Amino acid sequence: MAWLPVPGAAQDLASSRRTPGPSDFKQAAVAEEAKAPGPGVRQDDGESAQADAEIRALIAGLADSGCRFQRNGRWHDADDAGAHLQRKYDWARRRQLSGDAETFIERAASRSSLTGRAYRVACPGRAEADAGEWFRARLAALRASAALDWPRQPDGASA
(Lines give C-alpha, C1' and ligand atoms only; values in the text may rest on other atoms or scores of the structure.)
Protein backbone atom coordinates (compact mmCIF):
# COMPACT_ATOMS: atom_id res chain seq x y z
CA MET A 1 0.00 0.00 0.00
CA ALA A 2 1.27 3.45 -0.78
CA TRP A 3 1.15 6.73 1.10
CA LEU A 4 1.13 10.20 -0.32
CA PRO A 5 1.95 13.54 1.28
CA VAL A 6 -0.53 15.44 3.38
CA PRO A 7 -3.10 17.23 1.17
CA GLY A 8 -1.81 20.58 0.02
CA ALA A 9 1.78 19.41 0.37
CA ALA A 10 2.01 17.75 -3.04
CA GLN A 11 4.44 19.20 -5.50
CA ASP A 12 5.26 18.62 -9.12
CA LEU A 13 8.40 16.49 -8.94
CA ALA A 14 9.22 17.23 -12.55
CA SER A 15 9.67 20.90 -11.72
CA SER A 16 11.37 20.35 -8.35
CA ARG A 17 15.09 20.58 -7.87
CA ARG A 18 15.39 17.29 -6.04
CA THR A 19 15.64 13.79 -7.41
CA PRO A 20 12.59 11.66 -6.62
CA GLY A 21 13.39 9.13 -3.91
CA PRO A 22 11.75 6.23 -2.12
CA SER A 23 9.24 8.55 -0.48
CA ASP A 24 7.62 9.39 -3.82
CA PHE A 25 4.60 7.13 -3.83
CA LYS A 26 2.48 8.94 -6.40
CA GLN A 27 2.66 6.31 -9.14
CA ALA A 28 2.11 3.44 -6.71
CA ALA A 29 -0.83 5.24 -5.13
CA VAL A 30 -2.50 5.82 -8.48
CA ALA A 31 -2.19 2.11 -9.31
CA GLU A 32 -3.40 1.16 -5.82
CA GLU A 33 -6.38 3.52 -6.02
CA ALA A 34 -7.37 2.03 -9.37
CA LYS A 35 -7.57 -1.41 -7.73
CA ALA A 36 -9.28 -0.21 -4.53
CA PRO A 37 -13.02 -0.64 -4.12
CA GLY A 38 -15.21 2.43 -4.48
CA PRO A 39 -16.28 4.63 -1.57
CA GLY A 40 -19.42 2.60 -0.94
CA VAL A 41 -17.51 -0.65 -0.38
CA ARG A 42 -16.45 -1.47 3.17
CA GLN A 43 -13.08 -3.12 3.63
CA ASP A 44 -13.17 -3.14 7.42
CA ASP A 45 -12.67 -6.47 9.10
CA GLY A 46 -11.15 -7.52 12.41
CA GLU A 47 -7.59 -6.91 11.22
CA SER A 48 -8.24 -3.43 9.84
CA ALA A 49 -10.14 -2.49 13.01
CA GLN A 50 -7.16 -3.65 15.08
CA ALA A 51 -4.76 -1.76 12.80
CA ASP A 52 -6.87 1.38 13.11
CA ALA A 53 -6.89 1.09 16.92
CA GLU A 54 -3.11 0.53 17.01
CA ILE A 55 -2.37 3.46 14.69
CA ARG A 56 -4.65 5.78 16.65
CA ALA A 57 -2.97 4.65 19.88
CA LEU A 58 0.47 5.35 18.40
CA ILE A 59 -0.56 8.84 17.31
CA ALA A 60 -2.19 9.56 20.68
CA GLY A 61 0.90 8.17 22.43
CA LEU A 62 3.09 10.66 20.60
CA ALA A 63 0.71 13.55 21.24
CA ASP A 64 0.63 12.72 24.97
CA SER A 65 4.34 11.94 25.29
CA GLY A 66 5.78 15.38 25.95
CA CYS A 67 8.44 14.57 23.35
CA ARG A 68 9.58 16.86 20.57
CA PHE A 69 9.23 15.71 16.97
CA GLN A 70 11.60 16.80 14.21
CA ARG A 71 10.10 17.13 10.77
CA ASN A 72 12.18 18.42 7.84
CA GLY A 73 14.75 19.98 10.15
CA ARG A 74 12.27 21.77 12.42
CA TRP A 75 11.22 20.68 15.89
CA HIS A 76 7.53 20.54 16.80
CA ASP A 77 5.84 19.85 20.10
CA ALA A 78 4.08 16.54 20.66
CA ASP A 79 0.58 17.94 20.07
CA ASP A 80 1.54 19.41 16.69
CA ALA A 81 3.32 16.21 15.71
CA GLY A 82 0.32 14.09 16.66
CA ALA A 83 -1.98 16.37 14.67
CA HIS A 84 0.32 16.15 11.64
CA LEU A 85 0.42 12.35 11.72
CA GLN A 86 -3.34 12.20 12.27
CA ARG A 87 -3.84 14.28 9.11
CA LYS A 88 -1.57 11.92 7.16
CA TYR A 89 -3.45 8.91 8.48
CA ASP A 90 -6.89 10.43 7.82
CA TRP A 91 -5.83 11.30 4.27
CA ALA A 92 -4.67 7.74 3.62
CA ARG A 93 -7.84 6.24 5.12
CA ARG A 94 -10.07 8.37 2.91
CA ARG A 95 -8.25 6.90 -0.08
CA GLN A 96 -8.25 3.37 1.37
CA LEU A 97 -4.44 3.35 1.51
CA SER A 98 -3.99 2.92 5.24
CA GLY A 99 -2.79 -0.65 5.90
CA ASP A 100 -1.49 -2.02 9.18
CA ALA A 101 0.48 -0.33 11.96
CA GLU A 102 3.84 -1.40 10.53
CA THR A 103 2.90 0.12 7.16
CA PHE A 104 1.84 3.34 8.88
CA ILE A 105 5.15 3.52 10.73
CA GLU A 106 7.23 2.80 7.64
CA ARG A 107 5.39 4.98 5.17
CA ALA A 108 3.98 7.84 7.24
CA ALA A 109 5.47 8.09 10.73
CA SER A 110 9.15 7.53 9.92
CA ARG A 111 9.84 10.14 7.27
CA SER A 112 8.43 13.03 5.32
CA SER A 113 6.39 11.92 2.34
CA LEU A 114 7.33 15.17 0.67
CA THR A 115 11.10 15.36 1.18
CA GLY A 116 12.02 11.84 2.27
CA ARG A 117 13.86 13.18 5.33
CA ALA A 118 13.66 10.95 8.39
CA TYR A 119 11.65 12.14 11.37
CA ARG A 120 13.31 12.26 14.80
CA VAL A 121 11.89 12.10 18.32
CA ALA A 122 13.48 13.68 21.41
CA CYS A 123 11.92 12.84 24.77
CA PRO A 124 12.89 14.36 28.13
CA GLY A 125 15.70 12.40 29.77
CA ARG A 126 16.30 10.19 26.72
CA ALA A 127 18.61 10.29 23.73
CA GLU A 128 17.16 11.57 20.46
CA ALA A 129 15.91 8.66 18.33
CA ASP A 130 14.79 7.86 14.83
CA ALA A 131 10.98 8.18 14.74
CA GLY A 132 10.60 4.77 13.08
CA GLU A 133 12.49 3.10 15.94
CA TRP A 134 10.49 5.07 18.50
CA PHE A 135 7.15 4.05 16.96
CA ARG A 136 8.18 0.40 16.55
CA ALA A 137 9.12 0.28 20.25
CA ARG A 138 5.79 1.89 21.17
CA LEU A 139 3.92 -0.61 18.99
CA ALA A 140 5.72 -3.54 20.63
CA ALA A 141 4.85 -2.17 24.09
CA LEU A 142 1.25 -1.58 23.02
CA ARG A 143 0.91 -5.14 21.74
CA ALA A 144 2.58 -6.59 24.83
CA SER A 145 0.15 -4.66 27.02
CA ALA A 146 -2.80 -5.86 24.95
CA ALA A 147 -1.56 -9.45 25.19
CA LEU A 148 -1.55 -9.18 28.99
CA ASP A 149 -5.18 -8.08 28.91
CA TRP A 150 -6.32 -11.03 26.80
CA PRO A 151 -8.50 -13.03 27.05
CA ARG A 152 -11.18 -11.02 28.80
CA GLN A 153 -14.24 -12.46 30.43
CA PRO A 154 -17.66 -11.09 29.37
CA ASP A 155 -17.84 -8.91 32.49
CA GLY A 156 -14.51 -7.26 31.55
CA ALA A 157 -12.39 -9.08 34.15
CA SER A 158 -9.18 -10.76 33.05
CA ALA A 159 -9.08 -14.52 32.95
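Quick note: structure is the one above.
All of the points below concern the structure found in this document. All values reported here derive from a predicted model rather than from experimental measurement.

The subject of this paragraph is the sheet that holds strand 2 (residues 74–76). As summarised here, the arrangement of the 4 strands in space is 2-1-3-4, forming an open sheet in which the pairing is antiparallel. Either end of the sheet is taken by a strand with one partner, and the two such strands are strand 2 and strand 4 (129–130). Looking at chain direction, strand 1 (residues 68–71) and strand 2 are connected through 3 bridges and run antiparallel. Across the sheet, residue Arg71 finds its bridge partner in strand 2, namely Arg74.

Attention now moves to the state of the cysteines. For the structure on display, the rule yields 1 disulfide. Between the sulfur of Cys67 and that of Cys123 lies a disulfide, 1.9 Å long from S to S. Taking the sign of the torsion about the S-S bond as the criterion, the disulfide between Cys67 and Cys123, at about 100 degrees, is right-handed. One end of the pair, Cys67, is in the loop between helix 2 (46–63) and strand 1; the other, Cys123, is in the loop between strand 3 (120–122) and strand 4, and 56 residues separate them in sequence. For the pair Cys67 and Cys123, one class covers both residues: buried.

Take the packing of helix 4 (residues 101–109) against helix 5 (residues 131–148) next. Packing of helix 4 against helix 5 leaves a shortest axis separation of 10 Å and a crossing angle of 160 degrees. Considering the angle they form, helix 4 stands roughly antiparallel to helix 5. Of the two elements, helix 4 crosses helix 5, and the hand of that crossing is right-handed. Taken together, the residues of helix 5 that come into contact with helix 4 (itself represented by Ala101, Glu102, Ile105, Glu106 and Ala109) are Ala131, Gly132, Phe135, Arg136, Leu139 and Arg143. By residue class, the composition of the contact of helix 4 with helix 5 is 6 nonpolar, 1 polar and 4 charged.

Residues other than glycine predominantly adopt negative phi, and peptide bonds predominantly adopt the trans conformation. In this structure, Asn72 takes a positive phi of about 50 degrees despite not being glycine. Checked against the element boundaries, Asn72 lands in the loop between strand 1 and strand 2.

Turning our eyes to something else, we now look at the packing of helix 3 (residues 78–94) against helix 4. Orientation of helix 3 relative to helix 4, taken along the N-to-C sense of each, is 110 degrees, at an axis distance of 11 Å. Relative to helix 4, helix 3 is oriented roughly perpendicular. In this structure, helix 3 meets helix 4 at a crossing whose hand is right-handed. Contact residues: helix 3 offers Leu85, Lys88 and Tyr89, while helix 4 offers Phe104, Ala108 and Ala109.

Turning next to the pattern of salt bridges. On inspection of all chains with the given rule, the structure shows 5 salt bridges. The shortest N-O distance in the salt bridge between Glu128 and Arg120 comes to 3.0 Å. On the accessibility criterion, Arg120 (26% relative accessible area) is partly exposed. Among the ionic contacts, a cluster of salt bridges with common partners joins Asp52, Arg56 and Arg93.

What counts and what doesn't
- Residues numbered from 1 in each chain as written.
- Predicted model: local features only at pLDDT ≥ 70, side-chain atom pairs only at ≥ 80, totals over all residues.
- Heavy atoms only, no water.
- Pairing = 2+ DSSP bridges.
- Helix = DSSP H or I, 4+ residues; strand = E, 2+ residues; numbered from the N terminus.
- Disulfide = S-S within 2.5 Å.
- Buried < 20%, exposed > 50% of the residue type's maximum accessible area, 1.4 Å probe, protein only.
- Axes fitted to C-alpha atoms, helices over the stretch in contact; angles between N-to-C directions.
- Parallel < 35°, antiparallel > 145°, perpendicular 65-115°, else oblique.
- Left-handed = near helix turned anticlockwise from the far one by under 90°.
- Contact = heavy atoms within 4.5 Å.
- Nonpolar A, V, L, I, M, F, W, Y, C, P; charged D, E, K, R; others polar.
- Salt bridge = Lys/Arg side-chain N within 4 Å of Asp/Glu carboxyl O.

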